[in-house]
Amino acid sequence: MKGTGLITGLRFLVLGSAAGGGLPQWNCNCSTCAAARDPSSGILPQTQSSLAVSLNGETWAIFNASPDIRQQIQQTPQLHPKTLRHSPIKSVVITNADVDHIGGLLTLREKQPFDLFSTPAIGAVIDANPVFRVLDPAFVSRKAIRLEEEFFPLDGLAARIFAVPGKVALFLEDGEPELGLEGEQTIGVELIAGGRRAYYIPGCATLPHWLCERIRGADLVFFDGTVFTDDEMIRVGTGIKTGQRMGHMPITADGAGSLDVLSRLDLGRMIYVHINNTNPIWRDGPERNAVTAAGFEVGHDGMEIDLA
Ligand code: MLT
Ligand code: MN
Ligand code: ZN
């Protein structure tokens, strides 16, 4: 179907499967980061959190502009320019204002038209940082999207955003942030096309009942896989924060992790994304086996999913 311009159904490309920092993270030599620097390890480097979505394989919406977007475009032929000045990227949607999700906007500054969708709250964070004025408004159309309102990041692609439990961006924390905040700061995205329903939720602090019911029975879910256990960064020795403190629900937690909760929701496919470099699911072992035993998948850069 490629090149025909026909709408063929939801098509996804995982541009970046890692959490902020990527794998390996520049200043980290934990065993997984070290392995990702060793070509003989079988652990491939992974870039920071971003997803591309298309209906026709020709025009794409990007969900989150990671600081690695230049490399991601370079390693994704579908996103290369087709004429002298051109981009298949028609829109960018931001799900929170953390650096891993907005840093790449600076790379998209070369007078190329696209729509930039964000909630007013996330838009205000972008506006408060004058460096983002490099996105020339004559080319980049800012679109404010409201929670629960339908919008179209691409022709024919109906999307809806909703608040998920989270917190303000790390660089906006002032003392102890409110955890599990449900507002415009951290959102999930619902995508509907061709009778298929998919969700992109790369950051989520908890899975309350209402959220479970919302995604129940979905054809595809991309979900926050930052940490396997809440105290993982502390145990590895790379940090002092729990997953919860960072606004990320652990994959396992005595039956209350995302793995157990999502397993009960009759999901067609469930793929972990936004995976921190300390997470043991990058490697073969009992943790990764637990994910695959549940029928879930570990996202990786270049992963393609076609819901046609
Ligand atoms: C997060 O998801 O917790 C953020 O990406 C943190 C950060 O900005 O480094
Ligand atoms: Mn992040
Ligand atoms: Zn590391």
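Residues numbered from 1 in each chain as written. Chains lettered and ligands numbered in written order. Predicted model: local features only at pLDDT ≥ 70, side-chain atom pairs only at ≥ 80, totals over all residues. Heavy atoms only, no water.

> Lay out the site of ligand 1 with the relevant residues and their values.
Taken together, Gly 20, Asp 98, Val 99, Asp 100, Leu 170, Met 246, His 248 and His 274 make up all the residues around ligand 1. Within the side chain of His 248, an N or O atom sits 2.8 Å from an oxygen atom of ligand 1. Here His 274 contributes a side-chain N or O atom positioned 3.1 Å from an oxygen atom of ligand 1. In isolation ligand 1 offers 270 Å² of accessible surface; the protein chains occlude 78% of this area. When its residues are assigned to classes, the shell around ligand 1 shows three nonpolar, three polar and two charged. (Near = heavy atom within 4 Å. Polar contact = N/O pair within 3.5 Å; in protein donor to acceptor, adjacent residues only side chain to side chain. Areas by Shrake-Rupley, 256 points an atom, 1.4 Å probe, with all protein chains shown as cover. Nonpolar A, V, L, I, M, F, W, Y, C, P; charged D, E, K, R; others polar.)

> Break down the pairing of strand β3 (residues 60–63) for me, citing the residues and quoting the values.
On a regular strand, one side chain projects to one face of the sheet and the next to the other, so that they alternate. Residues Trp 60 and Ile 62 line one face of β3 and the alternating positions Ala 61 and Phe 63 line the opposite face, and both faces are buried. Across four bridges, the pairing between strand β2 (residues 50–54) and β3 is antiparallel. Bridging from a neighbouring strand, Ser 54 pairs with Trp 60 of β3. Once β2 ends, the chain turns through five residues before running back antiparallel as β3, passing Gly 57 with a positive phi of about 80°. Taken together, the four bridges between β3 and strand β4 (residues 89–93) define a ladder with parallel strand orientation. From the neighbouring strand, Ala 61 faces β4, where its bridge partner is Ser 91. You can see the chain leave β3, run along helix α2 (residues 69–74) and come back into β4, and the turn it takes is right-handed. (Buried < 20%, exposed > 50% of the residue type's maximum accessible area, 1.4 Å probe, protein only. Helix = DSSP H or I, 4+ residues; strand = E, 2+ residues; numbered from the N terminus. Pairing = 2+ DSSP bridges. Right-handed = clockwise from strand over helix to strand, strands pointing away.)

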